[in-house]
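# Chains, contacts and geometry: an overview
Residues per chain are reported as follows:
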Amino acid sequence: MLWKGFLVCAALLALAECKAARSVGHEPRKFPDGFLFGTATASYQIEGAWDKDGKSPNIWDHMTHSDPCLIKDCSNGDVADDSYHLYKRDVEMMRELGIDYYRFSMSWTRLMPTSFSDYINPAGVEFYNNYINEMMKYNITPMVTLYHWDLPQKLQEMGGWTNPNIVDWYADYARTVYSLFGDRVKFWITMNEPNIVCYNGYGDTSMAPRLNLKGVAEYLCAKNLLMAHAKAWHIYDEEFRSTQGGTVSITLSSTWFEPEDKNNEDHVQAAEDSNQFDWGQYAHPIFSESGGFPPEMVKNIGAKSAAQGFARSRLPEFTEEEKAYVRGTSDYFGLNHYSSKLAYRNESAYGYHEAPSFFDDTDTVSYNLEEWKIGESDFVKVTPWGFYNILTKIRKDYNNPSVYITENGFATLGGLEDEDRITYYRSYLAAMLDAIDEGSDIKAYTAWSIMDNFEWMQGYTERFGLYEVDYSDPARPRTPRKSAFVYKEIVRTRTLDFDYEPDTTVMTIDEGH
Ligand code: NOJ
């Protein structure tokens, strides 16, 4: 079997360094001792029960109910995978896969329907207690995301992440969750993918609340969100760590930007700036020595704002005290990574995007190549070399932090024979092993997702699951795909074997799970 990823890589060799090519071959590769495997989901994408037992609406309930066909298939998360009722089956699937941990998120409005800590909803607490306890019964470690995009609608009406008061509102929520579940939960993620929250939700129309207040609101959101994350980390550190002994961090979305031409200095700078805007925006304030937003952002946005006639930079500043407050607020680096783009800068890049806007502020143009597509879905392009490159840059730029891969995965349009997903997983795991071989301190890998779920604006059209979910059946049956059997074998043997062909006739739970 020739590894398809190699072809993808070969197509790119003239343009970019293609490290993952080194992974091609049939030799099985071992994962380091103690390396952990998991899968992930998020509350709005799986739970359903959108208004059951006292839960109040969040921004996704509000948006999908007000304008259903903003979502590709006019669907919503009202029922989704119905995990609110089927959580025992979810845990059974975790046992079938043999995973070490499970990453899921809690719904703010299920636990605190008023948005505030004046009232804690007992039914919400009971649901998450049941979910956690069921996992722990089988030695599956819960990893909890506090915020995976489902902001209380009431807080949105008060400005959401652009209102600085959200730092306290979020901190109250975090404290409540630590005190309710921290006796058992030791892995916390404060926020999932802040750049998607702020850019797509506030600077664009591609995620709720679709504010499209370009070049201003996404930056206000970014600062408040970072301050809220930092406050939640400090609260844990000061009030809970000594008794609960857990770890807290943030999970960043990351596209890798590769220069279109590595010998062209402008392209190299364009790629670097794009990386800084995309994920450095959140990594630099927390993981760098100097703190605050990346210098590339401060410089570009400051100069552009002045030229555009703004009274001050559209990028809010951190005071020295705030920089110090945010810096170091992570016990590990949480990374979500799926794909890459090529970036360039020439005369045509200036004025290419509407201004003011996040993309205009980068002065770069980026795109991906058709050759990077495998399978029917266009959603995730296959660029394992980008995964290697970003892991290497994180090691070099931030003094080799411990990295938890909190998401990585591939979309198909459905079907149980998902060879393309298997190709994707194997090529990305190989690229990750290359980075580990060179010294990156990567502790864990999380497959997105254990099962199909509500894929935001794509509804149920794009499928990320190791298990297929049948949405035409009210019982929401879950059936393992071929990739589930392959992942199970990787987890069981702690080995990446490119040639393994599973028997997909029956899924079992191995002894000890
Ligand atoms: C990132 C997000 O965290 C998750 O919610 C989403 O479903 C996956 N990427 C796939 O797009």
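Structure: see above.
Predicted, not measured: the structure shown is a model, and the values here were computed from it.

Thresholds applied
- The residue numbering used here restarts from 1 in each chain and proceeds along that chain's sequence as written.
- The predicted nature of this model means local features are confined to residues of pLDDT at least 70 and side-chain atom pairs, given and counted, to a pLDDT of 80 or more, with totals for whole chains, interfaces and linings taken over all residues.
- Side-chain metrics in this entry use all non-hydrogen atoms of the structure; hydrogen atoms and water are not considered.
- In these notes, residues near a molecule or strand are those with any non-hydrogen atom within 4 Å of it.
- Pairs of N or O atoms within 3.5 Å make up the polar contacts considered here, provided that, within protein, one atom can donate a hydrogen while the other can accept it, and that residues adjacent in sequence are counted only when both atoms are side-chain atoms.
- Here the accessible surface of atoms and residues is derived via Shrake-Rupley with a 1.4 Å probe, and residues count as covered only by protein chains that are part of the display.
- Space inside and on the surface of the protein is sampled on a 1 Å grid over the protein atoms alone, with a cavity defined as a set of points where a 1.4 Å probe fits but cannot get out and a pocket as an open set with protein on both sides within 12 Å along at least 5 of 7 lines; lining residues have an atom within 4 Å of a point.
- The way we define it, a molecule is inside a pocket or cavity when more than half of its atoms are within 2 Å of that pocket's grid points.
- Any residue outside Ala, Val, Leu, Ile, Met, Phe, Trp, Tyr, Cys, Pro, Asp, Glu, Lys and Arg is labelled polar, Gly included; the first ten of those are nonpolar and the last four are charged.
- Between the N-to-C directions of two axes lies an angle of 0 to 180 degrees, each axis being a line fitted to C-alpha atoms and, for a helix, fitted only over the stretch in contact.
- Here a strand is any run of E in DSSP of at least two residues, a helix any run of H or I of at least four, and the numbering for each starts at the N terminus.
- Each angle receives one of four descriptions, namely roughly parallel if under 35 degrees, roughly antiparallel if over 145, roughly perpendicular if within 65 to 115, and oblique otherwise.
- The sense of a crossing depends on the near helix, which, turned anticlockwise from the far helix by less than a right angle, makes the crossing left-handed and, turned clockwise, makes it right-handed.
- Any two residues whose heavy atoms approach within 4.5 Å are treated as being in contact.
- Note on disulfides: each one is a pair of cysteine sulfur atoms within 2.5 Å.
- To sort residues, take the accessible area from a 1.4 Å probe on protein chains only and compare it with the maximum for the residue type: under 20% means buried, over 50% means exposed, and anything in between is partly exposed.

Moving on to the site of the ligand. Near the ligand, the surroundings consist of 13 residues, among which Q45, H148, N192, E407 and E455 are the closest. H148 places a polar side-chain atom, nitrogen or oxygen, 2.8 Å from an oxygen atom of the ligand. Taking W448, its side chain carries an N or O atom lying 3.3 Å from an oxygen atom of the ligand. About the coverage of the ligand: the protein hides 93% of its 300 Å² of free accessible area. Among the detected pockets, the ligand sits in the largest pocket. Its residues assigned to classes, the shell around the ligand shows 6 nonpolar, 4 polar and 3 charged.

Time to look at the packing of helix 9 (residues 194-202) against helix 10 (residues 217-244). Where helix 9 meets helix 10, the closest approach of the two axes is 8 Å, and the angle between their N-to-C directions is 150°. One element, helix 9, and the other, helix 10, form an angle in the roughly antiparallel class. You can see that helix 9 and helix 10 cross each other, and the crossing is right-handed. In this structure, helix 9 contributes P194, V197, C198, Y199 and Y202 to the contact, and helix 10 contributes A217, E218, C221, A222 and L225. Across the contact of helix 9 with helix 10, the residue classes break down as 9 nonpolar, no polar and 1 charged.

All told, the structure shown has 2 disulfides when counted by the stated rule. Shown here is the disulfide that connects C69 with C74, its sulfur atoms set 2.1 Å apart. Taking the sign of the S-S torsion, 115° for the link of C69 and C74, the bridge is right-handed. Covalently, C198 is tied to C221 through a disulfide, its sulfur atoms 2.0 Å apart. One quick way to see it: the torsion about the S-S bond of C198 and C221 is about -70°, and its sign makes the bridge left-handed. Residue C198 is found in helix 9, and its partner C221 is found in helix 10; the two are separated by 23 residues along the sequence. Classification of C221 by relative accessible area gives buried; the value is 0%.

What follows concerns unusual backbone geometry. At the junction of A208 and P209, the peptide bond is cis and its omega measures out at 5° in the coordinates. Among the secondary structure elements, P209 is positioned in the loop between helix 9 and helix 10. Between A355 and the following residue, P356, the backbone shows a cis peptide bond with an omega angle of -5°. In this fold, P356 is placed in the loop between strand 7 (333-344) and helix 14 (358-362).

On the secondary structure map, Q45 appears in helix 2 (residues 43-46). Of note is the side chain of Q45, whose polar atom sits 3.0 Å from the backbone oxygen of F454. With sequence-adjacent residues up to four places away left out, Q45 is seen in contact with A80, D81, H148, W448, N453, F454, E455 and W456.

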